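# What the coordinates show
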Amino acid sequence: MKRQLHLNLFIQSRGHHEASWRHPKASPLPLTDIRYVQEMAARAEEGLFDSIFLADQLALGEDVARAGRNWLEPLTVLGALAVSTNKIGLIATASTTYSEPYNLARQFASLDHMSGGRVGWNIVTSWSVPAARNYGDAGQVSHADRYARAEEYLQLAKGLWDGWADDAIVDDRESGLYARPDRICPVNHEGAYYKVAGPLNIPRGPQGRPVLVQAGSSDTGRRFAARHAEAVFTAHMEKATAQAFYKDLKALVVEEGRSPDQALILPGLSPVIAGTEAEARKLATEMNDLADPEVGRKRLSGRFGGYDFSHLPLDKPLSPEDFPDPATVEAARSRTEVIVGVVRREKPTLRELLSKLAGARGHFVFAGTPEQLADLIEEWFTEGVADGFNLMPPVLPEMLNVFIEQVVPLLQRRGLFRTAYDGETLRDHFGLTRPENQYWPAGRAAE
Ligand SMILES: Cc1cc2nc3c(=O)[nH]c(=O)nc-3n(C[C@H](O)[C@H](O)[C@H](O)COP(=O)(O)O)c2cc1C
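Now for a quick tour of the structure. (Residues numbered from 1 in each chain as written. Predicted model: local features only at pLDDT ≥ 70, side-chain atom pairs only at ≥ 80, totals over all residues.)

On to the overall build of the protein chain. For the protein chain, the helix and strand inventory stands at 14 helices and 13 strands. Here the protein chain has a C-alpha radius of gyration of 22 Å; the compact-globule value for 447 residues is 22 Å, and the two agree. Dimensions of the protein chain, computed from the C-alpha atoms along their principal axes, are close to 75 × 55 × 45 Å. Each of the 447 residues in the protein chain was classed as buried or not, and the buried ones make up 47%. A separation threshold of at least 6 residues defines the contact pool for the protein chain, and within that pool the share at least 24 residues apart is 78%. (Helix = DSSP H or I, 4+ residues; strand = E, 2+ residues; numbered from the N terminus. Rg over C-alpha atoms; globule rule 2.2 N^0.38 Å. Buried ≥ 20, exposed ≤ 12 C-beta atoms within 10 Å, placed from the backbone. Contact = placed C-beta atoms within 7 Å.)

Listed below in structure tokens is the structure:
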């Protein structure tokens, strides 16, 4: 089958630009209004996107005075989207460090049933220091410890979802047999972090397990992705690092004994699109002018685990020595590597760096015409840089609409993107196989 481009819409605030919430073309709806997310998901479904995605942080941002964010809890939102959409995949973030496996496995199984098999889980270990304080941790759980816990969590969650054979429910009113207990089994898990008997109190979902998505990019994060992830979000500010990441991760996936096409790599892409390149650049500058450098400074500090940047003047060129060594950062380690890499190469002032990050927090920002964007997408897709993109429109719905009306048709004409959905589940859209049940492998028929 011909390889197809995959598109995910990342819905965040009123767009991904730091100042999107106050942009005149952004949605007028309150960020607590479910209709806002429903409208964005419906629009992405009209554009035949594979999926939408909701991120999550488990603490209030310190920049609340001057930054609007998503407020609604993502799994609750997926419940509403499961019934307001029909085809599009629905991916929500949930933390392995701060949620109980039994609860989360149940919630995802429920959502998979409710959506007819369209659910994905963005597995995060939660890097934010303020989040740790909301869950009884005096200090932050270390990077290594978070991933060790996540590893056990995944093994356990997969066991819980597999605890039901697909034919466990009989529901035969005539004979009076509702379910076959011999086709349901406990997980009896006892590990370093969790002790769970099981079985789960909900049958296996249409997809068997939700699609597992991951976005860790450190060495440990990549190993984890190679073992478990079926789709990988990743942030790069230039093609060369995105390409190196793609090559490295696909090789790790193969080392883990998996097929490389069963782990899609979707780098972030934040496009500013206009009739001419000059116009697009002007739009991007206008947006950056709306951003507040002090919001940027706080966000930068958060990424580096609370490191104090308040002494740095805004207009003096930066050097890597102004930052802690990324290898020592317990927070968003790989993103700090991206940021220090930019400083090393380009020596921007703090104001310039913050303006670069304001566009999409260290993801790839593009400004140009629809043709130029289609060229870039085609190039990354065919040259081993990406299997698709995590689209991060700077302003919603404005730039999503432009993308759907002017870029999607170009991609379709080039034979890169679907012209209709040809499957029902998120696994169908992503071209992923349904995972075999570890307790009842295919071929082991009901006795
Ligand atoms: C597109 C994208 C979305 C992410 N969403 C979240 C999120 O919602 N919540 C969160 O705690 N971390 C999120 N992360 C952070 C990652 O889970 C991870 O912690 C980060 O990339 C650092 O990777 P590392 O821990 O392997 O160094 C996201 C990362 C990317 C690239």
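To continue, consider the site of the ligand. Taken together, the neighbourhood of the ligand is formed by 21 residues, with Ala 55, Ala 215, Gly 216, Ser 218 and Gly 221 sitting nearest. Where the shell around the ligand is concerned, the elements lending two or more residues are β10 (231-234) and α10 (333-346). The element contributing the most residues to the shell around the ligand is α10, with 3 residues. Taken together, the residues of the shell around the ligand sort by class into 7 nonpolar, 11 polar and 3 charged. (Near = placed C-beta within 6 Å. Nonpolar A, V, L, I, M, F, W, Y, C, P; charged D, E, K, R; others polar.)

Before going further, it helps to spend a moment on the nonpolar core. Ranked by size, the top nonpolar core spans 118 residues in total, and within it Leu 9, Ile 11, Met 40, Ile 52, Val 213, Val 232 and Ala 386 carry the most contacts. At 8 residues, the largest contribution of residues to this core is made by helix α5 (residues 143-162). (Core = buried A, V, L, I, M, F, W, Y, C linked by C-beta atoms within 7 Å.)

Once that is clear, we can look at the packing of helix α6 (residues 219-228) against helix α7 (residues 239-255). The contact between α6 and α7 brings their axes to 8 Å, and the two run at 55 degrees. Classified by the interaxial angle, the pair formed by α6 and α7 is oblique. The interaxial crossing formed by α6 with α7 has right-handed handedness. Contact with α6, carried on its side by Arg 222, Arg 223, Ala 225 and Ala 226, involves Asp 248, Leu 249, Leu 252, Val 253 and Glu 255 of α7 and no other residues of that element. Looking at the contact of α6 with α7, its residues break down into 5 nonpolar, no polar and 4 charged. (Axes fitted to C-alpha atoms, helices over the stretch in contact; angles between N-to-C directions. Parallel < 35°, antiparallel > 145°, perpendicular 65-115°, else oblique. Left-handed = near helix turned anticlockwise from the far one by under 90°.)

By the burial criterion, the buried members of helix α2 (residues 74-84) are Pro 74, Leu 75, Val 77, Leu 78 and Leu 81. Projected down its long axis, α2 carries its buried residues within an arc of 145 degrees, all on one side. Turned more than 90 degrees away from the buried face of α2, the exposed residues are Thr 76 and Val 83. Against the buried residues of α2 lie α1 (34-46), β2 (51-54), β3 (89-95), α3 (101-114) and β4 (119-124). (Arc of directions from axis to C-beta.)

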